[in-house]
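Topology and contacts: notes
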Amino acid sequence: EQSAFMGVRGLRSYALSCQELWQTLKLPYLKPGSAPVAKLVVDGNALLFHLYFSNGINCVGGGQYAEFEHLVREYLKVLQLCGFSLFIIFDGIRDASKAETCISRELDCIRRSKTMLTSEKEVASEKVLPVMALQVFQQVLTELGVRYIVCDSEADSVVAYVAKKHGCCAVSQDSDFFVFDLPGCYLPIENLRVIPGGVQARRISSEKFAAKLGLSKEMMPVFASLVGNDFVTTEMLRNLHGHFMDMYPRKDVTRAIYIVQAVATWLAQFKDPESAIDAAVELSGKDRVVPEEEPKEGEEDAEGAAAAEGAAEGAAATPAAAATEEEAKEEEPKVDPVVFREAILTSIKTYKLEGSQDAAIGPESEHKTSGGAALPPHLVQMFRSGHVSWTLMDVIVNRRFWAYSLVEDTNATSAWAFCRPLRQLCYGIMLKGDKAPAAGNVVVEYVRTGTDFVPEDVAPATAFKSGEAVPAVSTVPSLSADKRQAMVFSALESSDPDVIKRIKALPPGWQLAMGALRYWIANATPRLAAWEVAAIILSFGRPATTPKATVKRSPEGRPHWVTPAHAQRLAEWQLALLNSQFLNGLLGNPLPAMSAVTNYDGLFLHRTLHELNPSRSVPLMRVVRNAGVTPELFEDLQSLALAGSVSSCVEGDVNLTEHVLTAGGASGPLAATPAVSIANKFAVAVEDDEDEDEDDEDEETPTLAAAPAPAPAPAAAAQISPKQPKKKKEEVVDPDILALVAEIEAVDVDRPPKMSKSAKAKAKAKAKGKEKR
């Protein structure tokens, strides 16, 4: 999920340098009732990353889903109002041949997560996609009636095939699309921009691009493979590229662009792909003749910069990228010609747009279970619609699960660990009845350990805590809703009939979230503190944030009150929600599906944990009221969250009626810390000036400029509602405090009145006048 976009190294930079090949179009708003005029086939994962990362939405809090939902909705509405009809295709199961590349990118996400939480420098440029952003995105698509589907594996070739088949423009963020044969042109996502009055699109013709390189359409896949992509690695190509550098003089361009030009020039001499492949394999096996002349001054720096550019476009950095040309020539290894040829042929195959791509989004899947059986039709349908995650499909197909990265404390145990029992139930359902491989009936989980990303063997569960055996996934549709619901409640520590009754009485969007909260409380290690639970209750118990047109932008960097300890707790909370959804979805959603928009607001939760920490002595009632939650609702949700055996699993206590908040838990002081009275005399008599300053500072954040409202005319950018003056709170003041204040006022009576600056100046002037006289 977190991986940067793959593609041909350096090709995007070269394409952008060819300004004459690009065509810019401006589409105004259509008249109401007009039919769509332009069809787009869109790479869903590329659009997801672009919208979250390119619009300044905060990542360090773990997810600002309300802001993201608003932005996605407004962006897509504008496209629809300008006559665009979209068909969005998402990636499915990760290709096994790219496992090493995916692990490398997960490691990069772990590094970025650590930087975001610990670096003293600006961290706004570091991004990690929130774990439930995909779910929020797909929910908005459903709401707006935008068609989407999840394909079997990587979506690139499927997007290109569907675009070619229907004569549409393909939209993505991958340089592979410069290589595909697309009669309807390629439109990079960053070039599809909302502007005042409509949309601006800047596209490029694949036919003109090939002509610019001097190559035929048939030769373009060979060209991409020899430049380098995720199938043909930098290591494989190093010697071949060295030969090209010996053949053709280096011009004043970056190394990445130079390689693109050199490969195209060399390929132009061949009439067909087969002869070009044979020649490339042969040349790659030959030793280079090292020129006598030294590299030009400054060339090494240019090479290093170009290597960095290539890495940004999907290349893994290599030691030779920063080495001098002489050093590179001395260290160049010879690649096995058989392996090299196979990599080229595999790469070329991915660029062929044939009928096989139809099956990748059809009612049946090309994938089989790990035992070789066909996938159940209802499971394929849920997978295509996004109701069953690709990570779970990877379990039944490859017995593998990717515990992808999120913002968490890299010094702590992975937040994925505590909710493993929920996933083991999912594994048991997915694999029951499937033939186990020789390695045994296990699933390999790839999960963070420290700053590494390593595999761990995990056994599937055979039964729920209630003793009920897990059903086979093929039999799930035949089970009654009540039975499936009982399975979910059993897994989420909520089997008690009274607890079930109370959960089912909650609004639909809160039911699964409450079950997830009870599971987290019962299984968190170390134990949760009562005030940490209170923060979560305030999060999904508060009303909807602000009107859709005035969504407030959160600061993009790391506020001072975001800590690694709180980030770890909130990572666990998100994964409690996500893994509960995995199980609920796999069982056909016996509990209503929930939305991350209403159940998780990263910065709100971080700030609330900061305020509720007993060491700060902030009045609990004040925090509750500021969250917009009534005391009655807070107490009802709290009693439900802690009902039954779960109550013994928390440290400390929160009692709103008696205004008592006791400490405990990993994020705050030790459990032995004395209770902090909310009715503390000084807390009541004096407002915490520091907190008020922080509140004001946080409220003065940038505004999210909303896209134009529905037709006929675009609306102005959304503005933050003006800050309302705070109402004076009625507090019951302690008699001792009143006596103290009276004493201070009595002393003040004997003091001379305080003079303003202007009065002091006049008095001084008058005194000087008297001295002169």
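Here's the deal with the overall build of the protein chain
A tally of regular secondary structure across the protein chain gives 31 helices and 16 strands. Looking at the protein chain residue by residue over its 773 residues, the buried ones come to 53%. For the protein chain, the proportion of contacts with a sequence separation of at least 24, taken over those separated by at least 6, is 77%. If you sum the accessible surface of the protein chain, you get close to 34,700 Å²; carbon and sulfur atoms cover 55% of it.

Thoughts on the state of the cysteines
Following the criterion strictly, the structure yields zero disulfides and no others. Not engaged in a disulfide, the cysteine Cys185 finds its nearest cysteine sulfur in Cys169; these two sulfurs lie 5.8 Å apart.

Observations concerning the packing of helix H9 (residues 234-247) against helix H11 (residues 273-284)
The interhelical angle for the contact between H9 and H11, taken along N-to-C directions, is 95°, at an axis separation of 9 Å. Considering their axes alone, H9 and H11 lie roughly perpendicular with respect to each other. Counting all contacts with H9, which are made through Met236, Asn239, Leu240, His243, Phe244 and Met247, the residues of H11 involved are Ala280, Leu283 and Ser284. Of the residues in the contact of H9 with H11, the class split is six nonpolar, three polar and no charged.

Concerning helix H22 (residues 530-541)
An ideal rise of 1.5 Å per residue puts 16 Å on twelve residues; H22 measures up with 16 Å between its terminal C-alpha atoms. Every buried residue belonging to H22 is among Ala530, Trp531, Glu532, Val533, Ala534, Ala535, Ile536, Ile537, Leu538, Ser539, Phe540 and Gly541, and all of these are buried.

Points about the pattern of salt bridges
Opposite charge on two side chains permits them to pair, given that their charged atoms come into close proximity. Scanning all chains against the criterion turns up 27 salt bridges. Between Arg384 and Asp152 there is a salt bridge, with the nearest N and O atoms lying 3.1 Å from each other. A residue pair is termed long-range when its members are at least 10 positions apart, and Arg384 in helix H16 (residues 377-384) and Asp152 in the loop between strand S4 (147-150) and helix H6 (156-166) qualify at 232 residues. In this structure Asp152 comes out as buried when scored by relative accessible area, which is 2%. With its nearest N and O atoms 3.0 Å apart, the salt bridge here joins Arg420 to Glu456. Placement of Arg420 in helix H18 (residues 420-431) and of Glu456 in strand S11 (residues 452-458) is noted, with a sequence separation of 36 residues between them.

Quick look at the sheet that holds S11
One open sheet accounts for three strands, arranged S9-S10-S11; its pairing is mixed. Either end of the sheet is taken by a strand with one partner, and the two such strands are strand S9 (400-402) and S11. Each adjacent strand pair in this sheet contributes to an overall mean axis angle of 30°, direction not counted. Those strands touched by helix H17 (residues 390-398) are S9 and strand S10 (443-449), and its axis lies near 160° from that of S9.

Looking at the packing of aromatic side chains
The tally for this structure, following the rule as stated, stands at 25 aromatic pairs. Summarising the aromatic geometry, the rings of Phe401 and Trp416 are spaced 5.6 Å apart at their centres and angled 70° between planes, so their arrangement reads as edge-to-face. Of the two residues, Phe401 sits in strand S9 while Trp416 sits in the loop between S9 and H18, which places them 15 residues apart along the sequence. According to the relative accessible area criterion, Phe401 is buried, its value standing at 0%. Here the aromatic residues Tyr14, Trp22, Phe177, Phe178, Phe180, Tyr186, Phe209 and Tyr351 are joined through ring pairs into a cluster of three or more. In this structure, Arg94 is placed above the aromatic ring of Trp402, and the distance from its NZ or CZ to the ring centre is 4.8 Å.

Digging into the packing of H17 against H18
How two helices pack is summed up by the angle between their axes together with the distance between the axes. It is at 9 Å that the axes of H17 and H18 come closest, and there the two elements cross at 50°. In terms of their interaxial angle, H17 and H18 are classed as oblique. Regarding H17 and H18, the two cross each other, and that crossing is right-handed. Residue-level inspection shows Leu392, Met393, Val395 and Ile396 of H17 in contact with H18, the latter providing Cys426, Tyr427, Met430 and Leu431. Tallied by class, the residues present in the contact of H17 with H18 amount to eight nonpolar, no polar and no charged.

Some details on the pairing of strand S8 (residues 198-204)
Every regular strand shows the same layout, with side chains that alternate between the two sheet faces. S8 sits mainly inside the fold: six of its seven residues count as buried. Relative to S8, strand S7 (residues 192-195) runs antiparallel, the two being bridged by four bridges. Bridge pairing in S8 places Val194 opposite Val199. In sequence, S7 turns back onto S8 through a hairpin of two residues, with Gly197 there showing a positive phi of about 95°.

Some words on helix H8 (residues 220-227)
Within H8, eight of the eight residues are buried, which leaves it mostly tucked inside the rest of the structure. Within the span of H8, buried status applies to Met220, Pro221, Val222, Phe223, Ala224, Ser225, Leu226 and Val227. As for H8, its buried residues are in contact with helix H1 (11-17), helix H7 (206-213), H9, helix H10 (255-267), H11 and helix H14 (337-350). Just downstream of H8, Gly228 is the residue with a positive phi angle, here 120°.

Quick look at the confidence of the model for the protein chain
Taken over all residues, the pLDDT of the protein chain has a mean of 81, while the share at 70 or more is 76%. This model gives residues 545-550 a pLDDT under 50, and the stretch forms twelve contacts once residues within four places in sequence are excluded. In this model, residues 737-754 is a region of pLDDT below 50 whose contacts with residues beyond four sequence positions or in other chains number three contacts.

So, how was this worked out
Residues numbered from 1 in each chain as written. Predicted model: local features only at pLDDT ≥ 70, side-chain atom pairs only at ≥ 80, totals over all residues. Heavy atoms only, no water. Helix = DSSP H or I, 4+ residues; strand = E, 2+ residues; numbered from the N terminus. Buried < 20%, exposed > 50% of the residue type's maximum accessible area, 1.4 Å probe, protein only. Contact = heavy atoms within 4.5 Å. Areas by Shrake-Rupley, 256 points an atom, 1.4 Å probe, with all protein chains shown as cover. Disulfide = S-S within 2.5 Å. Axes fitted to C-alpha atoms, helices over the stretch in contact; angles between N-to-C directions. Parallel < 35°, antiparallel > 145°, perpendicular 65-115°, else oblique. Nonpolar A, V, L, I, M, F, W, Y, C, P; charged D, E, K, R; others polar. Expected span 1.5 Å × (residues − 1). Salt bridge = Lys/Arg side-chain N within 4 Å of Asp/Glu carboxyl O. Pairing = 2+ DSSP bridges. Phe/Tyr/Trp six-rings, centres within 6.5 Å; stacked < 30°, edge-to-face > 60°. Lys NZ or Arg CZ within 6 Å of the ring centre and 35° of its normal. Left-handed = near helix turned anticlockwise from the far one by under 90°. pLDDT = per-residue confidence, 0-100.

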